[in-house]
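Understanding the architecture of this molecule
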Amino acid sequence: KNQVEQSPQSLIILEGKNCTLQCNYTVSPFSNLRWYKQDTGRGPVSLTIMTFSENTKSNGRYTATLDADTKQSSLHITASQLSDSASYICVVKVDGGNNRLAFGKGNQVVVIP
Amino acid sequence: NAGVTQTPKFRVLKTGQSMTLLCAQDMNHEYMYWYRQDPGMGLRLIHYSVGEGTTAKGEVPDGYNVSRLKKQNFLLGLESAAPSQTSVYFCASSSGQVDFGELFFGEGSRLTVL
């Protein structure tokens, strides 16, 4: 069973609308959680990092939340743009050595005009 | 400002052929990784290296070999390619623990094995 589950697998939204992506994890011990954006045909790029003590963090129109008690994170996209069409990957870092990471399968977002 | 560079970007092989993917990073990172990405599977770790001269197996290492002779380069080899190795391969690097594990990815190498 995957230690990081993302939902929905894919969604289509109208330009200008908001959407929220979910990431549930069972990784333990937890170190931090990152959201990556992967444009089609490109490598993933880090959007934001959430550590244990952080509840909310914004990066422009992207807002990430973390509930470490329920082991859930969300990524909210406000006023979506066509350039937001991408896969959003949740990655959880395991506390300890060797930089162990657990990857979600991604949320595929398509923004249509 | 190159970051992580992968070559080649595209390659078509016949079953049984061999090839090497090259990854180069100019950020002086200690850690380097090779992942494969398949539809519906997400990114899976093949091999990784925590420093020059070191390598270790990841989640799906079978059929692949790696070498890290220089700190800035990480090579992924396929000795006898199989159709199951058709995938997009991503190299990544990170500076280690101090940056909370951020990965910097290359643009990917798309490999097709016929």
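For clarity, every value in this text was computed on a predicted model and none was experimentally measured.

Right, let's get into the sheet that holds strand E1 (residues 4–7) of chain A. All names here are of chain A. In spatial order, the strands read E1-E3-E8-E7-E6; together these five strands make up an open sheet with antiparallel pairing. Among the strands making up the open sheet, the edge pair consists of E1 and strand E6 (56–59). Strand after strand, the sheet turns through a mean of 15 degrees between neighbouring axes, direction not considered. Alignment of E6 against strand E7 (residues 62–67), held across four bridges, turns out to be antiparallel. Bridged to Thr56 within E7 is Thr65.

This part is about the interface of chain B and chain A. In this complex, chain B contributes 21 residues to the contact, which on the side of chain A involves 20 residues. Here chain B and chain A share an interface that buries about 1,600 Å² over both sides, 50% of which is from carbon and sulfur atoms. In this structure, the connection of chain B to chain A is made through two salt bridges. Two residues, Glu102 of chain B and Arg34 of chain A, come together in a salt bridge whose shortest N-O distance is 3.9 Å. Inspection of the region where chain B meets chain A yields three residue pairs in polar contact (both at pLDDT 80 or more). Of all the elements in the fold, those that place two or more residues in the side of chain B that touches chain A are strand E4 (31–38), strand E5 (42–49) and strand E9 (87–94) of chain B. Its residues assigned to classes, the side of chain B that touches chain A shows eleven nonpolar, seven polar and three charged.

Now for the pairing of strand E9 (residues 86–94) of chain A. All names here are of chain A. Taking burial as the measure, the nine residues of E9 include nine buried ones, the bulk of the element. Across the two faces of E9 the burial is the same, with Ala86, Tyr88, Cys90, Val92 and Val94 and Ser87, Ile89, Val91 and Lys93 all buried. Pairing of strand E4 (residues 30–38) with E9 involves eight bridges; the strand directions are antiparallel. Across the sheet, the residue bridging to Phe30 is Val94, located in E9. Where E9 meets strand E11 (residues 107–112), three bridges bridge the pair, whose relative direction is antiparallel. Within E11, the position partnered with Ser87 by the bridge is Gln108. Pairing of E9 with strand E10 (residues 101–103), which is carried by three bridges, proceeds in the antiparallel orientation. Residue Val92 lies in a different strand from E10, and its bridge partner there is Ala102.

Let us look at the sheet that holds strand E1 (residues 4–7) of chain B. All names here are of chain B. Across the sheet, four strands lie side by side as E1-E3-E8-E7; this open sheet has antiparallel pairing. Single-partner strands in this sheet number two, and they are E1 and strand E7 (65–67). In this sheet, adjacent strand axes meet at a mean angle of 20 degrees when their direction is disregarded. Pairing geometry for E1 and strand E3 (residues 19–25), over four bridges, is antiparallel.

One pass over the structure, following the stated rule, counts two disulfides over all chains. There is a disulfide in this structure between Cys23 of chain A and Cys90 of chain A, and the S-S distance comes to 2.0 Å. What sets the handedness of the Cys23 of chain A and Cys90 of chain A disulfide is the S-S torsion sign, and at about -70 degrees it is left-handed. Of this pair, Cys23 of chain A sits in strand E3 (residues 19–25) while Cys90 of chain A sits in strand E9, placing them 67 residues apart in sequence. What makes Cys23 of chain A buried here is its relative accessible area of 0%. Between the sulfur atoms of Cys23 of chain B and its disulfide partner Cys91 of chain B the distance amounts to 1.9 Å. Because the torsion about its S-S bond is -75 degrees, the bridge between Cys23 of chain B and Cys91 of chain B counts as left-handed. Pair noted here: Cys23 of chain B is in strand E3 and Cys91 of chain B is in strand E9, with a separation of 68 residues, a long-range link. Take Cys23 of chain B: its relative accessible area is 0%, and that puts it in the buried class. For Cys91 of chain B, a relative accessible area of 0% puts it in the buried group. Unpaired in this structure, Cys19 of chain A has its nearest cysteine sulfur neighbour in Cys23 of chain A, at a distance of 15 Å.

Reading the values: the criteria
Residue positions are given per chain, counted from 1 along the sequence in the order it is written. Starting at A for chains and at 1 for ligands, labels are handed out in the order in which the entities are written. Per-residue local features are limited, in this predicted model, to residues with pLDDT of at least 70; the limit for side-chain atom pairs, both in listing and counting, is 80 or more; totals at the level of whole chains, interfaces and linings are taken over all residues. Side-chain figures throughout are based on the complete set of non-hydrogen atoms in the structure, without hydrogens or water. A strand pair is defined by DSSP finding two or more bridges across the two strands. Elements are defined by DSSP. Helices are runs of H or I of four residues or more, strands are runs of E of two residues or more, and each kind is numbered from the N terminus. Where helices are involved, their axes are fitted lines through C-alpha atoms of the stretch in contact, as for all axes, and angles between N-to-C directions lie from 0 to 180°. In what follows, a contact means two residues having at least one pair of non-hydrogen atoms within 4.5 Å. Accessible area that two parts lose when put together, evaluated with a 1.4 Å probe and summed over both, is termed the buried area. Any Lys or Arg side-chain nitrogen found within 4 Å of a carboxyl oxygen on Asp or Glu counts as a salt bridge. We define a polar contact as two N or O atoms separated by no more than 3.5 Å, with the added condition that, inside protein, one atom must be a possible hydrogen donor and the other a possible acceptor, whereas residues neighbouring each other in sequence contribute only through side-chain atom pairs. Any residue outside Ala, Val, Leu, Ile, Met, Phe, Trp, Tyr, Cys, Pro, Asp, Glu, Lys and Arg is labelled polar, Gly included; the first ten of those are nonpolar and the last four are charged. Exposed residues in this analysis have more than 50% of their type's maximum accessible area, buried residues have under 20%, and partly exposed residues fall in between, with area computed by a 1.4 Å probe over protein chains only. Put simply, a disulfide is two cysteine sulfurs that come within 2.5 Å.

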